[in-house]
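Analysis of the macromolecular model
Listed below, chain by chain, are the residues.
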Amino acid sequence: MAFLQNRSISLVDMYIDNTEPSENVGQIHFSLEYDFQNTTLILRILTAKELPAKDISGTSDPYVRVTLLPDKKHRLETKIKRRTLNPRWNETFYFEGFPIQKLQSRVLHLHVFDYDRFSRDDSIGEVFLPLCQVDLSEKPSFWKALKPPAKDKCGELLTSLCYHPSNSILTLTLLKARNLKAKDINGKSDPYVKVWLQFGDKRIEKRKTPIFKCTLNPIFNETFSFNVPWEKIRECSLDVMVMDFDNIGRNELIGRIQLAGKNGSGASETKHWQDMITKPRQTIVQWHRLKPE
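Residue indices follow the written sequence of each chain, beginning from 1 at its first position. A pLDDT threshold of at least 70 governs which residues receive local features in this predicted model, and a stricter bar of 80 or more applies before side-chain atom pairs are shown or counted, although totals over entire chains, interfaces and linings include all residues. Hydrogens and water are ignored here; the side-chain numbers use all heavy atoms of the structure.

**Describing the nonpolar core**
Generally speaking, nonpolar side chains in soluble globular proteins are found buried as a group. As a reminder of what qualifies: Residues enter a nonpolar core if they are buried and are Ala, Val, Leu, Ile, Met, Phe, Trp, Tyr or Cys, with the set joined through side-chain atoms within 4.5 Å. When accessible area is computed with a 1.4 Å probe and restricted to protein chains, residues below 20% of their type maximum are described as buried, those above 50% as exposed, and intermediate ones as partly exposed. Contact between two residues is taken to exist if any of their heavy atoms lie within 4.5 Å; hydrogens are not considered.
In this structure, Leu32, Leu43 and Leu108 are the most contacted members of the largest nonpolar core, which totals 30 residues. Setting aside residues no more than four positions away along its own chain, leucine 32 makes contact with Leu41, Ile42, Leu43, Leu108, Leu129, Leu131, Val134, Leu136, Lys139, Pro140 and Phe142. Cys154, Leu172, Val228 and Met276 belong to the second-largest nonpolar core, a separate cluster that totals 29 residues.

Here it is as structure tokens:
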């Protein structure tokens, strides 16, 4: 079969990466098979080796999350293997109802995590394999080096802050974003911004911008005003989340910033917030680097 014909160039360009991992985070061993009669892709996740230690014990509790991109809604997971850097899963996953032509527009995403009972699971590394590159009739088996997920490459957001003590109005303007992280299979995102006004950990008021389709550099020009008394201005914060809208699955976080008074949500006072307070009635404009969480 001509597996490289009629392939999606944008999909391949987005996920083919022949560069060496920036750091060694281990390797994963898996195999693929295709049941032509029942149009079913069979994935076997076998083992991994040389994973980094994420726990204080000097080991990890690894598991693998499996996705056939761009379908983000249906995710499968292996069992968690406790206290090991060389886990053996030997688990089989079946993706039924996938004609071979449909599989050529899919990317197999294997993401290894370290399970943590008390906090968010740590990402160890991931592999992207465009299935248009794979001759499934050969029942291939792979050892793939895991790549650490890209960090702090979510893009930037230009915002302005202004506070009028006389009428207790806090104004946030979302001007534009640049170089946002692509979340969709076409190499773009459908960004919008969600803003929460918070006092401590309590969310008080939410605002949202419209959705901007197929862009990594949206121009929002959206202004939100909040009523915050002067004596409370250092106790509040704005949690600003740039999201990717998805028609099918859940909307995904691209990146976020927190604009905060020194007591807001336990965060230290941000420079942007400090400048706003020391220069009342003035509009203070600043670029912010988005953080992944």
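There is more to say, and it comes next.
**Quick look at the environment of asparagine 221**
Going by this rule: Comment: elements are numbered from the N terminus, with helices defined as DSSP H or I runs of at least four residues and strands as E runs of at least two.
Checked against the element boundaries, asparagine 221 lands in strand β13 (residues 219-227). Between the alpha carbons of asparagine 221 and threonine 173 there is a distance of 6.8 Å; along the sequence they are 48 residues apart. Once you skip the residues sitting within four places of it in the chain, asparagine 221 turns out to touch Leu174 and Leu175.

**Some details on the sheet that holds strand β9 (residues 156-164)**
Just so we agree on the cut-off: Strands qualify as paired when DSSP identifies two bridges or more between them. The axes used here are C-alpha line fits, helices contributing only the stretch in contact, and every angle between their N-to-C directions lies in the interval 0 to 180 degrees.
The strand order β13-β10-β9-β16 describes an open sheet built from four strands, whose pairing is antiparallel. In the strand order of this sheet, the two ends are held by β13 and β16 (284-289), each with one partner. When strand polarity is set aside, the average angle formed by the axes of neighbouring strands in this sheet is 20°. Across nine bridges, β9 lies against strand β10 (residues 169-178) in antiparallel orientation. The residue of β10 that forms the bridge with tyrosine 163 is leucine 170.

**Regarding the sheet that holds strand β11 (residues 191-199)**
Pairing in this open sheet of four strands is antiparallel, and the strands run β12-β11-β14-β15 from one edge to the other. Strands at the two margins of the open sheet, each flanked by one partner only, are β12 (202-208) and β15 (252-260). Mean inter-strand twist for the sheet, computed between neighbouring axes without regard to direction, equals 20°. Pairing geometry for β11 and strand β14 (residues 236-244), over nine bridges, is antiparallel. Following the sheet pairing, phenylalanine 199 is matched in β14 by cysteine 236.

Remember, this is a structural readout, not a statement about activity or role.
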